[in-house]
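# Secondary and tertiary structure notes
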Amino acid sequence: MSSNTLQGGGYGTKSTTRDNFESPDFYQLDDLLNEEQKLIRSSMRDFVKLEITPFIEDWCQKAEFPEAMVKKFGEIGAFGPTIPLKYGGGGLDYISYGLIMQEIERGDSGMRSTASVQGSLVMYPIYAFGSEAQKQKYLPKLASGEILGCFGLTEPDHGSNPAGMTTHFADSGDHFLLNGSKMWISNAPKADIAVVWAKDEHGRVHGLIVERGMEGFTTPETHGKWSLRASCTGELVFNNVRVPKENLLPGKDGLGAPLMCLDSARYGIAWGSIGAAMDCYHSARQYALERIQFDKPIASFQLVQKKLAEMLTEITKAQLLNLRLGRLMDQHKATTAQISLAKRNNVAVALEIAREARQIHGGMGITGDYSIMRHMMNLESVITYEGTHDIHLLILGHEITGIPAFS
Ligand SMILES: Cc1cc2nc3c(=O)[nH]c(=O)nc-3n(C[C@H](O)[C@H](O)[C@H](O)COP(=O)(O)OP(=O)(O)OC[C@H]3O[C@@H](n4cnc5c(N)ncnc54)[C@H](O)[C@@H]3O)c2cc1C
């Protein structure tokens, strides 16, 4: 695009049709990645440029979940990258997993949500807490995208406080009888299976695999979202659903089980959100260099340079955080509080960068010709789900003081 394109009547060129994204690497962090990790990142980046960025604006404008992406994500290895190869996963390390999430969310947070839920919130609990038969039955199909899963923890009256959940099941001979409902569940309207967290007769939380088609199980879609519009969201409603006993996850009970899944997903969000931030920074820098006002590129004004310099600073700090956290994850040493810090910081930083990038794009920043406003709106969900910004602060407060301030 010539610089003239952005002057006067030249607003028409769509940035979304010319995806020349390159990630900033101000501290030469690529030197800390191995060849396999760099290859995985570049394959995912090519995949996103080919399969997501040319279409995402349209999907979001229409609030359409692109179902065909499920199979494509399976083929490229975006589902369950850290799950062992023998179950269809990628057998990769956590840095590779992070890079995959970063690249997908660079395209769109809703698309990353689909992949995160399938990998961290459906495959992970089945892998970590499931029986061998459950792993054999579900994991290869989830990995390949033959089936889609969802994760039901949040309820209409219990969001930040999942311990208060009322969804429950009772022993009814050769099966369990499940009743209750879940809300705000990503993938729910299209999911073939749901990993559902519910209390037994003693009030103990367990995971159950509920399959579409079981009588009394419905998944009404949530409409009217201004955020994550290419991701489908819905409820899970259980009305005397007969769940076979072999569908209970036998490996772990208690609230710690779903919270372990959330650790893995939140780690992916820490990387993913910086993908969105890098896309905003890349677009803002390019726009600032091309857009002429007062006979100069707006990039020549100090106030615009300040915005860009602060964006790059925060992106670089977040990249360093992610890399170190990834190493800790690979060594099984990362704590919930460390993951909370990274999720909380990186999403907040990404949202701020999206807002600043929106300013740099002027009026064009509110249109679908650029990815900025979409990222900004998406990140409003990302800062709320998997633990709100404030709940992560309280997790850190608990870690620092030893005093829980949740209730
Ligand atoms: C698009 C989208 C997709 C989602 N996908 C899933 C999914 O796949 N599966 C799933 O189970 N859930 C999902 N969620 C739910 C999400 O995790 C919850 O929205 C989140 O945990 C917050 O719960 P809530 O919305 O009920 O807010 P609330 O818990 O009602 O919180 C409202 C406000 O009160 C604050 N607050 C609450 N308690 C405290 C406290 N003790 N101290 C200080 N402040 C407090 C919160 O920080 C927040 O600002 C999704 C949500 C969205 C928006």
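Note: the structure precedes this text.
The text that follows walks through the structure, step by step, so that each part is easy to find. (Residues numbered from 1 in each chain as written. Predicted model: local features only at pLDDT ≥ 70, side-chain atom pairs only at ≥ 80, totals over all residues. Heavy atoms only, no water.)

With that settled, the discussion passes to the site of the ligand. For the ligand, the set of nearby residues contains 18 residues, the closest of which are Thr154, Ser160, Trp184, Thr388 and Phe406. Separating a nitrogen atom of the ligand from a backbone N or O atom of Trp184 is a distance of 2.7 Å. In the environment of the ligand, an oxygen atom lies 2.7 Å from a nitrogen or oxygen atom belonging to the side chain of Thr388. When isolated, the ligand has an accessible area of 970 Å², and the protein chains bury 68% of it. Those elements giving two or more residues to the shell around the ligand turn out to be strand 3 (175–186) and helix 11 (389–401). Split into classes, the residues belonging to the shell around the ligand amount to nine nonpolar, seven polar and two charged. (Near = heavy atom within 4 Å. Polar contact = N/O pair within 3.5 Å; in protein donor to acceptor, adjacent residues only side chain to side chain. Areas by Shrake-Rupley, 256 points an atom, 1.4 Å probe, with all protein chains shown as cover. Helix = DSSP H or I, 4+ residues; strand = E, 2+ residues; numbered from the N terminus. Nonpolar A, V, L, I, M, F, W, Y, C, P; charged D, E, K, R; others polar.)

Attention now goes to the pairing of strand 4 (residues 193–199). Each regular strand carries side chains that alternate between the two faces of the sheet. For strand 4, the buried fraction is high: seven of the seven residues fall into the buried class. Burial along strand 4 is two-sided: the residues Ile193, Val195, Trp197 and Lys199 and Ala194, Val196 and Ala198 are all buried. Across four bridges, the pairing between strand 1 (residues 149–152) and strand 4 is parallel. Within strand 4, the residue paired with Cys150 across the bridge is Ala194. Bridge analysis of strand 4 against strand 5 (residues 205–211) gives seven bridges, and the strand direction is antiparallel. Bridge pairing in strand 5 links Val196 to Leu208. In this structure, the hairpin formed by strand 4 and strand 5 is closed by a connection of five residues, where Gly203 is found at a positive phi of approximately 80°. (Buried < 20%, exposed > 50% of the residue type's maximum accessible area, 1.4 Å probe, protein only. Pairing = 2+ DSSP bridges.)

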